[in-house]
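Structure assessment
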Amino acid sequence: MTNFSTIYKLFLVAVFCFIHACSSSCPVLECWYVQEKAGARGGLSAATSQEKSLLYISTDAQSHSASSQRAPSEISPDRVYFVTDPAGTLCHHALNPPRGSINKPLCEVNPFLPQPSTLRWAAPLTDSARSPIYLQADWFSTSHQGVNKQLTVSSIMRAPTATKELDVILSVTSKTVSVRSRLGERVLLDCGFWADPSTPLSESGFALEWRYQFRGNGRLVVAYNGKTDRLAETQEKGATLDFEALHKRGNASLILQEAEVRHSGIYICTVYLPYLVAQVTVELEIVEPPSLSIYPSPLPLAVPGQILTIQCEASGFAPLSLDLSWQFKDAGGKIKPLGSGSVTGHKQAWDGTYSQSSRLELDTTSLDLGREGAEVTCVAAHLGGIRRASRTLNVIGFSTPTIEDSMAMVGVALALYGLIKFVSWTLTSSGRKQSRNSDHKNCIVC
Ligand SMILES: *[C@@H]1O[C@H](CO)[C@@H](O)[C@H](O)[C@H]1NC(C)=O
């Protein structure tokens, strides 16, 4: 009996340790603390300073035990922080890879200055709310990139002045750091936010903005004020939010009904609370492999030694980069590369997709054209995959004739026979006439 209770106790201890280990699996994040250098404004060089910093993450303030405070010597004690993140966003496994992993999550901490937003759709958040005491604190913004592009997080944290205990007040995340979609598909760009329900700021609502950015061009995709329940006017068609999920769960994901080439680019999801703002970026790439066609189709019968001109057209692909090449497969199945032919410049269609073609001058003398089954293949290597199109090569004298061919040959032979007959008949008959005439002449003469 004593044995049993001992085992039972040990089991309980094990379970307790396990649960404890799980709950304390929040990481210690190595970050760069980046701030503008005092007095460096206006100067071009070294306007910011970087220091190593350490963030101990926990889901509740109590578990920041003294035992965990063993910061490496190269990190200044001033840059060691204890972060309480009740939502556990920063405890995601992508920010906490196993020890010794080559891939490390990225992290940056900056001082943050709370201020009212001047944007039309976010400005009403600060109409009435004023929280001077609450805002008088040390504020920080952090941004995190998880390993393997699994997660990106931006947080706003608050610490009572001159303390090192930070509370996450707002965090914005995305689990689709980089999205690839084919044309016409429905696309979901993930974005979610969490606001500390105990902060006086979250009472006055939030605003959300999705902005598109590509090579210096930007446009507003969706802007929504959750306090007034108003959407801003935008030019964008086919982009929506799930408003119920947004209000209930902070699910701010953007839905694009049908992917188009022009949707490729960077999307910025920005969440505003009164005086606070945090954003994450998501990259969308529309990738559509080409459709191939070969001309002429079918290939004409070639005479051995003839040079055949074959065209391969790749169309409907995006992005632009494409590698066209040719292959020849002889009757035995052996493949020989024929190079890329002469590739034309690309054209862009109304829907933004590209087309490009390649012309091959195929010299039939240099190839081993067997009895049948020799094939020419056009190969298109694209980000969206490899596409191939093949045509059989038929060479006169090699391919076994089909029934139609045989019939045609018999027909041709008959026709030729008839023609020869006719020609020879006309020739002999005119010959006879001539000889008769000459006989006659002869007669006259004689
Ligand atoms: C967010 O909402 C979208 C649209 O309703 C849904 O497809 C997606 O799964 C939701 N994301 C999360 C994390 O719940």
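Residues numbered from 1 in each chain as written. Predicted model: local features only at pLDDT ≥ 70, side-chain atom pairs only at ≥ 80, totals over all residues. Heavy atoms only, no water.

1. A short note on the sheet that holds strand β16 (residues 265-273)
Ordered in space as β8-β17-β16-β11-β12-β13, the six strands form an open sheet in which the pairing is mixed. If you trace the sheet from one side to the other, it starts and ends with β8 (178-181) and β13 (230-231), each paired once. Where β8 lies against strand β17 (residues 276-286), four bridges are found, and the strand directions are parallel. If you follow valine 179 over to β17, its bridge partner there is leucine 284. (Pairing = 2+ DSSP bridges. Helix = DSSP H or I, 4+ residues; strand = E, 2+ residues; numbered from the N terminus.)

2. Examining the nonpolar core
Counting 41 residues, the largest nonpolar core has Trp139, Leu170, Leu189, Trp210, Leu254, Tyr267 and Leu276 as the members making the most contacts within it. Sort the elements by how many residues they give to this core and β17 lands first, with six residues. Formed by 24 residues, the second largest nonpolar core is a distinct cluster that contains Ile294, Cys312, Ala314 and Tyr354. (Core = buried A, V, L, I, M, F, W, Y, C linked by side-chain atoms within 4.5 Å. Buried < 20%, exposed > 50% of the residue type's maximum accessible area, 1.4 Å probe, protein only.)

3. Observations concerning the site of the ligand
Around the ligand lies a shell formed by Leu188, Asp242, Asn251, Ser253 and Ile255. One of the side-chain nitrogen or oxygen atoms of aspartate 242 is found 2.6 Å away from an oxygen atom of the ligand. Protein chains shield 52% of the accessible area of the ligand, which is 360 Å² for the free molecule. Of the residues that constitute the shell around the ligand, the class distribution is two nonpolar, two polar and one charged. (Near = heavy atom within 4 Å. Polar contact = N/O pair within 3.5 Å; in protein donor to acceptor, adjacent residues only side chain to side chain. Areas by Shrake-Rupley, 256 points an atom, 1.4 Å probe, with all protein chains shown as cover. Nonpolar A, V, L, I, M, F, W, Y, C, P; charged D, E, K, R; others polar.)

4. Considerations on unusual backbone geometry
The omega angle of the peptide bond from tyrosine 295 to proline 296 is -10 degrees, so this bond is cis rather than trans. Note on placement: proline 296 falls in the loop between β18 (291-295) and β19 (307-317). The phi torsion at asparagine 148 lies on the positive side, around 55 degrees, for a residue other than glycine. Residue classification places asparagine 148 among the exposed positions, given a relative accessible area of 55%. Here the phi dihedral of tyrosine 275 falls at roughly 75 degrees; this positive angle occurs in a residue that is not glycine. Structurally, tyrosine 275 is set in the loop between β16 and β17.

5. Quick look at the layout of surface pockets
Considering only enclosed or pocket space, the second largest pocket measures out at about 390 Å³ in volume. If you trace the second largest pocket, you find 17 residues lining it, with Phe214, Arg215, Val261, Ser264 and Pro319 closest to the centre. No other element matches the four residues that β17 contributes to the lining of the second largest pocket. Residues of the lining of the second largest pocket, tallied by class, amount to nine nonpolar, four polar and four charged. (1 Å grid on protein atoms, 1.4 Å probe; cavity = no way out; pocket = protein on both sides within 12 Å on 5 of 7 lines; lining within 4 Å. Points joined across faces, edges and corners; volume = space filled by probe spheres on them.)

6. Some points on the pattern of salt bridges
Working definition: two side chains of opposite charge can pair if their charged atoms are close together. Under the criterion given, the structure shown has eleven salt bridges. Glutamate 285 is the salt-bridge partner of arginine 180, the closest N and O atoms lying 3.7 Å from each other. Separated by 105 residues along the polypeptide, arginine 180 in strand β8 and glutamate 285 in strand β17 bring together distant segments of the chain. By sharing partners, the salt bridges in this structure join Arg219, Glu236, Glu260 and Arg262 into a single network. (Salt bridge = Lys/Arg side-chain N within 4 Å of Asp/Glu carboxyl O.)

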